[in-house]
Amino acid sequence: MSTQVLTEQTFQRTVASGAIVLVDYWADWCGWCDRFAPIFEESSNQHRDIVHGTVDAEAETGLAAAAQITSLPTLQAFRGGLMVYSNPGFQTAAQLEDLIQQIMWLDMDAVRRELQEQIPGFTDPLADPAPTGPAPTAGLAAGGSAYGWPGLRLR
């Protein structure tokens, strides 16, 4: 899978998909962005179950401003509709892979509890306000084959 260009019209829908979404903010004039682009593209090929989106900060100024982007490149990560990472600066392939593994292993229940404690009135953007039907039961987790023990690939 290649990277997806995100715009103000597609950003929210993509992030709200519930999947892991990585967003690379970049600009044509940014040398470090040029160096990071092939690393990000290769990651998108290795992790087909993760959305790799790009935002041209020069073309999408409103989106970059809303995300409070002050330095390029900046990488943001979302999981379950929540931002779980944001950091400016170049990352090596190894650093990006380590970040992806950390996001895959992230305990989202703990993240939601922490946000509820820190932000009065916090509501989960993907929460069903009126759940219907039987309660969820234990079983295999949804997601691609890369989810699980780090380095384990089920084929």
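Residues numbered from 1 in each chain as written. Predicted model: local features only at pLDDT ≥ 70, side-chain atom pairs only at ≥ 80, totals over all residues. Heavy atoms only, no water.

As annotated in an unreviewed UniProt entry, the protein chain carries the name Thioredoxin 1 and comes from Nocardia pseudobrasiliensis.

Per the counting criterion, the structure on display carries four aromatic pairs. Centroid distance F11 to F78: 5.8 Å. Interplanar angle 85 degrees. Geometry classified as edge-to-face. Here F11 is found in helix α1 (residues 11-15), whereas its partner F78 is found in strand β4 (residues 74-79), with 67 residues between them in sequence. The burial state of F11 is the same as that of F78; both residues are buried. With a centroid separation of 6.4 Å and an interplanar angle of 80 degrees, the aromatic rings of F36 and F90 are classed as edge-to-face. (Phe/Tyr/Trp six-rings, centres within 6.5 Å; stacked < 30°, edge-to-face > 60°. Helix = DSSP H or I, 4+ residues; strand = E, 2+ residues; numbered from the N terminus. Buried < 20%, exposed > 50% of the residue type's maximum accessible area, 1.4 Å probe, protein only.)

What follows concerns the nonpolar core. Among the nonpolar cores identified, the biggest contains 17 residues, and F11, V23, Y25, V55, L72 and F78 are the most heavily contacted of them. Within the residue set of this core, elements represented by two or more residues are α1, β2 (21-26), β3 (51-56) and α3 (61-66). Grouped together as the second largest cluster of nonpolar side chains are 13 residues, I50, A77, I100 and I103 included. (Core = buried A, V, L, I, M, F, W, Y, C linked by side-chain atoms within 4.5 Å.)

Once that is clear, we can look at helix α2 (residues 31-46). Taking 1.5 Å as the rise per residue, α2 with 16 residues should run 22 Å; its terminal C-alpha atoms sit 24 Å apart, in good agreement. The largest bend along α2 reaches roughly 30 degrees and is located at A37, with the proline P38 sitting one to four residues downstream. Residues of α2 that are buried: C33, F36, I39, F40, S43 and S44. In this fold, the buried residues of α2 make contact with β2, β3, β4 and α4 (93-105). (Expected span 1.5 Å × (residues − 1). Bend = angle between axes of the 7 residues up to and from the residue. Contact = heavy atoms within 4.5 Å.)

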